[in-house]
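As a plain string of letters, each chain reads:
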Amino acid sequence: MNNALTKTDFNFEGQTSVYHGKVRDVYSVSGDRLVMVATDRISAFDVILPKGIPFKGQMLNQIAAKFLDATTDICPNWKLATPDPMVTVGIKCEGYPVEMIVRGYLCGSAWRAYKSGVREICGVKLPEGMKENQKFPSPIITPTTKAEIGKHDEDISKEEIIAQGLVSAEEYAVLEKYTLALFQRGTEIAAKRGLILVDTKYEFGKADGKIILMDEIHTPDSSRYFYADGYEERFKAGEPQKQLSKEFVREWLMDNGFQGKAGQQVPEMTDAIVESISNRYIELYENITGEKFEKSADASSLAQRIEKNVSDYLKK
């Protein structure tokens, strides 16, 4: 296996600060720009797993860039350039403290809650008698607060967001409008690839008084996809859907007794497990984009390559 980039410590010209997230490291440069490095770290249940996944950062960065470029007619976004396969440089925004999660189908954590008797998520009432992986009559938005590293994001309703002053009513209406339009576009693109966009999340911020789409969109880390072929048959038979998402990592962890709860140990990530996860991400990339994944050069010296490419870009 090639090296995985799990830690960065760059010092770019004009750099003012750095934020190390669960998966991305974000460098502030010259006050108004961000250099976002998509590392090969992988997280699940809000826990960063002990080993990185080769090429994961490149895949996520390139998928996000494609979808950001494909949605500029819906809303402005933060991307300026991708000077390296693992890096996006963009506009620095003041982020809203909420994530806009939109669901087209009942699955994942929403299904687990529904199965336990919950019939309202984030202030949204759910119909009775639904089954796992069933399509909602129309997509629902179930926001969460943005938590610090090591803490879990918390469900929150639109009414609570506005009442707590996290987002004004006027701006929340814009976030809702953008969220549903982006989800519709993602759904249409997925359908052309024989996929169903099941759920996803968007992050927004403000720059120069404008609401801007930030971070990644429609990647397998932020989204869940089903294969359209066979969906109906599997749903009617009550069988699990064939899906493209990071859910297979969560399932592997749960099968091995880990759900991010206190006292639980992350199962051993053998080289075979790491390679299988990397291969699954390549499958995700190729299915979502419809393009063959090209492994980037200089994988053994990722940090040096990134530093050179970003520094060359910033000098222009």
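Described in the following lines is the structure provided in the data block. Computed from a predicted structure; not experimentally measured. (Residues numbered from 1 in each chain as written. Predicted model: local features only at pLDDT ≥ 70, side-chain atom pairs only at ≥ 80, totals over all residues. Heavy atoms only, no water.)

**Some details on the packing of aromatic side chains**
Here is step 1 of the chain: Tallied over the entire structure, the rule returns twelve aromatic pairs.
Here is step 2 of the chain: Geometrically, the ring pair formed by F226 and Y231 is stacked, given 6.1 Å between the ring centres and 20 degrees between the ring planes.
Here is step 3 of the chain: Exposure remark for F226: the relative accessible area of 1% places this residue in the buried category.
Here is step 4 of the chain: Consider the rings of F248 and Y281, whose centres lie 6.3 Å apart with planes at 65 degrees: the pair is edge-to-face. Of this pair, F248 sits in helix 6 (residues 247–255) while Y281 sits in helix 7 (residues 271–289), and the two are 33 residues apart along the sequence. Neither F248 nor Y281 differs from the other in exposure class; each is buried.
Here is step 5 of the chain: Linked through ring pairs, Y105, F226, Y231 and F235 together constitute an aromatic cluster.
Here is step 6 of the chain: Positioned above the aromatic ring of F248, the side-chain terminus of R280 is 4.1 Å from the ring centre. (Phe/Tyr/Trp six-rings, centres within 6.5 Å; stacked < 30°, edge-to-face > 60°. Buried < 20%, exposed > 50% of the residue type's maximum accessible area, 1.4 Å probe, protein only. Helix = DSSP H or I, 4+ residues; strand = E, 2+ residues; numbered from the N terminus. Lys NZ or Arg CZ within 6 Å of the ring centre and 35° of its normal.)

**With respect to the sheet that holds strand 1 (residues 15–20)**
Backbone hydrogen bonds are what pair the strands of a sheet, in a parallel or an antiparallel way.
Here is step 1 of the chain: Reading across from one edge, 1-2-3-7-6 is the order of the five strands in this open sheet, with antiparallel pairing throughout. In this open sheet, the two strands that pair with only one neighbour each are strand 1 and strand 6 (79–84). Looking at each pair of strands side by side, their axes are set apart by 20 degrees on average, direction ignored.
Here is step 2 of the chain: Pairing analysis gives three bridges linking strand 6 to strand 7 (residues 87–91), with the strands arranged antiparallel. When the bridges of strand 7 are listed, K79 appears paired with G90.
Here is step 3 of the chain: This element, helix 1 (residues 56–69), spans strand 2 (24–29), strand 3 (33–38), strand 6 and strand 7 of the sheet and lies at about 150 degrees to strand 6.
Here is step 4 of the chain: Against the sheet, helix 8 (residues 302–315) engages strand 2, strand 3, strand 6 and strand 7, with an angle of about 135 degrees to strand 6. (Pairing = 2+ DSSP bridges. Axes fitted to C-alpha atoms, helices over the stretch in contact; angles between N-to-C directions. Contact = heavy atoms within 4.5 Å.)

**Quick look at the layout of surface pockets**
Here is step 1 of the chain: Estimated volume of the second largest pocket: approximately 400 Å³.
Here is step 2 of the chain: Along the wall of the second largest pocket there are 22 residues; nearest its centre are E132, N133, P240, Q243 and E251.
Here is step 3 of the chain: Those elements that provide at least two residues to the lining of the second largest pocket are helix 2 (108–115), strand 16 (223–227), helix 5 (231–236) and helix 6.
Here is step 4 of the chain: Looking at the lining of the second largest pocket, the element that brings in the most residues is helix 6, giving four residues.
Here is step 5 of the chain: Partitioning the lining of the second largest pocket into residue classes produces seven nonpolar, six polar and nine charged. (1 Å grid on protein atoms, 1.4 Å probe; cavity = no way out; pocket = protein on both sides within 12 Å on 5 of 7 lines; lining within 4 Å. Points joined across faces, edges and corners; volume = space filled by probe spheres on them. Nonpolar A, V, L, I, M, F, W, Y, C, P; charged D, E, K, R; others polar.)

**Topic: the nonpolar core**
Here is step 1 of the chain: By size, the foremost hydrophobic cluster in this structure holds 61 residues, and its most contacted members are F204 and Y281.
Here is step 2 of the chain: In this view, F204 contacts G95, Y96, M100, L175, Y178, T179, L182, I211, I212, L213 and M214; residues no more than four positions away in its chain are not counted. (Core = buried A, V, L, I, M, F, W, Y, C linked by side-chain atoms within 4.5 Å.)

**Description of the side chain of K201**
Here is step 1 of the chain: Looking at where K201 falls in the secondary structure, it is placed in strand 14 (residues 195–207).
Here is step 2 of the chain: A polar side-chain atom of K201 sits 3.3 Å from a polar atom in the side chain of E203.
Here is step 3 of the chain: With near-sequence residues (within four places) excluded, K201 lies in contact with E99, M100, I101, D215, E216 and S222. (Polar contact = N/O pair within 3.5 Å; in protein donor to acceptor, adjacent residues only side chain to side chain.)

**Observations regarding empty space enclosed by the protein**
Here is step 1 of the chain: One pass over the full model with this rule turns up two cavities of 30 Å³ or more.
Here is step 2 of the chain: Reported here for the largest cavity is a volume of approximately 60 Å³.
Here is step 3 of the chain: Lining of the largest cavity is provided by R24, M36, A38, N61, A64, L68, W78, T88, D215 and E216.
Here is step 4 of the chain: Residue assignment for the lining of the largest cavity shows that the elements contributing at least two residues are strand 3 and helix 1.
Here is step 5 of the chain: Its residues assigned to classes, the lining of the largest cavity comprises five nonpolar, two polar and three charged.

**Observations regarding helix 1**
Here is step 1 of the chain: If you check helix 1, its first and last C-alpha atoms are 20 Å apart, about what 14 residues at 1.5 Å a residue would give, namely 20 Å.
Here is step 2 of the chain: Of all 14 residues making up helix 1, eleven are buried, and the element is well covered by its neighbours. (Expected span 1.5 Å × (residues − 1).)

**Brief notes about the environment of K131**
Here is step 1 of the chain: Relative to the helices and strands, K131 is located in the loop between strand 11 (124–125) and strand 12 (135–141).
Here is step 2 of the chain: Sequence separation between K131 and K316 is 185 residues; the distance between their C-alpha atoms is 54 Å.

**A look at the pairing of strand 3**
Here is step 1 of the chain: Counted residue by residue, strand 3 has five buried out of six residues, so it is predominantly covered.
Here is step 2 of the chain: With six bridges joining them, strand 2 and strand 3 adopt antiparallel strand pairing. The partner of V26 across the bridge, within strand 3, is M36.
Here is step 3 of the chain: In this antiparallel pair of consecutive strands, strand 2 and strand 3, the connection spans three residues, and S30 shows a positive phi of 55 degrees.
Here is step 4 of the chain: Where strand 3 meets strand 7, five bridges bridge the pair, whose relative direction is antiparallel. Across the sheet, M36 pairs through a bridge with T88, a residue of strand 7.

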